[in-house]
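Letter by letter, the chains look like this.
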Amino acid sequence: MSRIAKSPIAVPKGVEVSIASGQISVRGPLGTVERAADPNVAVEKNGDALVCKALGNSNHADAMSGTMRALVANMVTGVTRGFEKKLALVGVGFRAQAQGDKLNLSLGFSHPVVHQMPKGVKVATPTETEIVISGIDKQLVGQVAAEVRAHRPPEPYKGKGVRYSNEVVVLKETKKK
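What comes next concerns the included structure.

For the rest of this paragraph, the subject is the sheet that holds strand 3 (residues 23-28). The sheet built from three strands is open, its strands ordered 2-3-4 with antiparallel pairing. For this open sheet the edge positions go to strand 2 (16-20) and strand 4 (31-36), each flanked by a neighbour on one side alone. If you compare each strand with its neighbour and ignore which way they point, the axes differ by 15° on average. Inspection of the sheet shows strand 2 paired to strand 3 by five bridges, in the antiparallel sense. Pairing of Ala 20 across the sheet is with Gln 23, part of strand 3.

Once that is clear, we can look at helix 3 (residues 138-150). The α-helix winds at 3.6 residues per turn, so residues separated by three or four positions along the chain end up facing the same way. End to end, helix 3 covers 18 Å across 13 residues, agreeing with the expected 18 Å (1.5 Å per residue, within 8%). For helix 3, the complete set of buried residues consists of Val 141, Val 144, Ala 145 and Val 148. Projected onto a plane normal to the axis of helix 3, the buried residues spread over an arc of 100° and lie on a single side. Structural note: helix 3 exposes Gln 139 and Ala 150 on the side pointing more than 90 degrees away from its buried face. Residues of helix 3 that are buried sit in contact with strand 7 (83-90), strand 9 (102-106), strand 10 (113-116), strand 11 (121-124), strand 12 (130-135) and strand 13 (161-164).

Space inside the largest pocket adds up to approximately 150 Å³. Those elements that place two or more of their residues in the lining of the largest pocket are strand 11 and strand 12. Class assignment for the residues of the lining of the largest pocket results in four nonpolar, four polar and two charged.

Calculation notes
Sequence order as written defines residue numbering, which begins from 1 separately in each chain. Since the coordinates come from a predicted model, pLDDT governs what is reported: local features require at least 70, and pairs of side-chain atoms require 80 or more to be given and counted, while whole-chain, interface and lining totals use all residues. Water and hydrogen atoms were dropped before computing side-chain values, which therefore reflect all heavy atoms in the structure. At least two bridges found by DSSP between two strands is the condition for calling them paired. Helical segments are the DSSP runs of H or I of at least four residues, strand segments are the runs of E of at least two, and each set is numbered from the N terminus. Helix axes are fitted only over the stretch in contact, all axes being lines through C-alpha atoms; the angle between N-to-C directions runs from 0 to 180 degrees. Helix span, as expected, comes to 1.5 Å for every residue beyond the first. Each residue gets one of three labels from its accessible area relative to the maximum for its type: buried under 20%, exposed over 50%, partly exposed in between, using a 1.4 Å probe on protein chains only. Within this analysis, the arc is defined by the directions that extend from the helix axis to the C-beta atoms. In this description, contact between two residues means that some pair of their heavy atoms is separated by no more than 4.5 Å. We place a 1 Å grid over just the protein atoms. Points where a 1.4 Å probe fits but has no way out form a cavity, open points with protein on both sides within 12 Å along at least 5 of 7 lines form a pocket, and any residue with an atom within 4 Å of a point lines it. Grid points are joined across faces, edges and corners, and a volume is the space filled by probe spheres set on the points. Classification convention: Asp, Glu, Lys, Arg as charged; Ala, Val, Leu, Ile, Met, Phe, Trp, Tyr, Cys, Pro as nonpolar; all other residues, Gly among them, as polar.

From the geometry alone we can't say anything about function, so treat these as descriptive.
Encoded structure:
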């Protein structure tokens, strides 16, 4: 059995977990998240904890038990605390502005870039060069942050572009004659 799957997932008060017909639904103070359960893994309620067990002795079932445990733990964390990714704009004239569910970016192109946020993801801009993307689904928050970063990834010579706030960009040295 996977080492990760051996540890149970603590379900805090105020969080409801329902497991029915291959669907896992977690409801908490911030919202509801649903995910399809893997057929090789049994997710069981054990008091105020959840346990993931592999069905069968195959390597795939063993690996998926750890994966399902991590996914369900992220669902519980998402509905209680939520997830957020912070991005920073580095470059002269690079700006970001949040307007409802849209993010307007000025990234040095001849046109402004407008990024539409999907349902369940919120965006905020505390300053013109900072972007905070938040939501209850960890995968969706990370995907949206990656899409925003992909509009202008940091380049290796001056470091200009959109980067994660904790990202370190190693700068290359320019050519010498």
